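Summary of the model geometry
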Amino acid sequence: MVHALNEIHRVLAPNGILIDLRPLADRWPIEVASAREVKEAGRVSDLPVGLEDDRAANEAMARTEAQKQFVRKREEFFPLFYYWDTPNEMKEYIDEEWADFIAIDEETWKNIRSMWAVANADARVQIRVKMLIALWKKI
């Protein structure tokens, strides 16, 4: 990532803006949501690869700031929701797309399925991902 940030700095116009937008590992909540209510069914487990990616990205940004390449002007956190119609659809997606970064233990899967089965007909399962958005200005 350091090489990429150096290249961005090289090609970015003077006073240009870099947007850092990424998910952060944070034991994201898993919820069963319907029009009537949202209930937490459990939380994901963050795997070492995802935690290491966050650490490396944070260190790279801090390094570019210390080297006076960029200055952080603003930083916010916000939730981004991923929705699935059924727990099985969610499991399939996680197995295909996120298996290197998060895990869900069997007890939590049982709880998700149970809560979804007794929820309203419009209920879906969702994961509330913690997102970072930061605005950096080229120095």
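Conventions adopted
Residue numbers restart at each chain and count upward from 1, following the sequence in its written direction. Two thresholds apply to this predicted model, a pLDDT of at least 70 for residue-level local features and 80 or more for giving and counting side-chain atom pairs, whereas whole-chain, interface and lining totals are computed over all residues. Only hydrogens and water are set aside when side-chain values are computed; all heavy atoms of the structure are taken into account. The aromatic pairing rule takes the rings of Phe, Tyr and Trp, using the six-membered ring of Trp, and pairs them if the centres are within 6.5 Å, calling planes under 30 degrees apart stacked, those over 60 edge-to-face and the rest tilted. Remark: exposure states derive from per-residue accessible area (1.4 Å probe, protein chains only) relative to the maximum for the residue type, with buried under 20%, exposed over 50%, and partly exposed in between. Each ring is checked for a lysine NZ or an arginine CZ that lies within 6 Å of its centre and within 35 degrees of its normal; such an atom marks a charge sitting over the ring. Helix and strand assignments follow DSSP, with helices taken as H or I runs no shorter than four residues and strands as E runs no shorter than two, numbered in order from the N terminus. Contacts described as polar in this section are N or O atom pairs within 3.5 Å, which, within protein, must combine one atom able to donate a hydrogen with one able to accept it, while residues neighboring in sequence count only if both atoms come from side chains. In what follows, residue pairs with any heavy atoms lying within 4.5 Å of each other are defined as contacts. Here, nonpolar core means buried Ala, Val, Leu, Ile, Met, Phe, Trp, Tyr and Cys residues that are tied together by side-chain atoms lying within 4.5 Å of each other. Multiplying one less than the number of residues by 1.5 Å gives the expected span of a helix. Picture the helix axis, draw a direction to every C-beta atom, and the arc is the one those directions span.

Here we come to the packing of aromatic side chains. Tallied over the entire structure, the rule returns eight aromatic pairs. Judged by centre distance (6.2 Å) and plane angle (15 degrees), the ring pair of Y82 and W84 falls under stacked. On the basis of relative accessibility, which here comes to 28%, the residue Y82 falls in the partly exposed class. Site record: aromatic cluster; members linked through ring pairs are W28, Y82, W84, Y93 and W98. Geometry around Y83 places R124 over its ring, the cationic atom sitting 4.4 Å from the centre. For K130, the ring lying beneath its charged end belongs to F77, and the centroid distance is 4.7 Å.

So, on to the side chain of R22. Relative to the elements of secondary structure, R22 occurs in strand 1 (residues 17-24). Owing to a relative accessible area of 12%, R22 belongs among the buried residues under this scheme. Among the polar contacts made by the side chain of R22, one reaches the side chain of D20 at a distance of 2.8 Å. With near-sequence residues (within four places) excluded, R22 lies in contact with D54, A57, N58, M61, K130, M131 and L132.

This part covers the nonpolar core. Counting 19 residues, the largest nonpolar core has M90, I94, W98, I104, I112 and I127 as its most contacted members. At the level of secondary structure, the elements contributing two or more residues to this core comprise strand 2 (29-33), helix 3 (87-98), helix 4 (106-118) and strand 7 (124-138). For this core, the element with the most residues is strand 7, which contributes four residues. Beyond its immediate sequence surroundings of up to four residues, I127 is in contact with W28, P29, I30, V44, L80, F81, Y82, W84, M90, I94 and W98. Core analysis: the next-biggest nonpolar cluster, separate from the first, contains nine residues, L5, L18, L132 and W136 among them.

What follows covers helix 4. Between the first and last C-alpha of helix 4 there are 19 Å, a value that for 13 residues agrees with the 18 Å anticipated at 1.5 Å per step. Those residues of helix 4 that sit buried are T108, W109, I112 and M115. Along the axis of helix 4, the buried residues cluster in a sector spanning 135 degrees; they form a single face. More than 90 degrees from the buried face of helix 4, the exposed residues found are E107, A117 and V118. Buried residues along helix 4 sit against strand 2, strand 3 (38-43), helix 3 and strand 7.

Turning to unusual backbone geometry, a few remarks are in order. The backbone phi angle of N15 is positive, close to 65 degrees, even though this residue is not glycine. For N15, the location among the structural elements is in the loop between helix 1 (2-11) and strand 1. Here the phi dihedral of K68 falls at roughly 60 degrees; this positive angle occurs in a residue that is not glycine. Its place among the elements puts K68 in the loop between helix 2 (48-66) and strand 5 (70-84).

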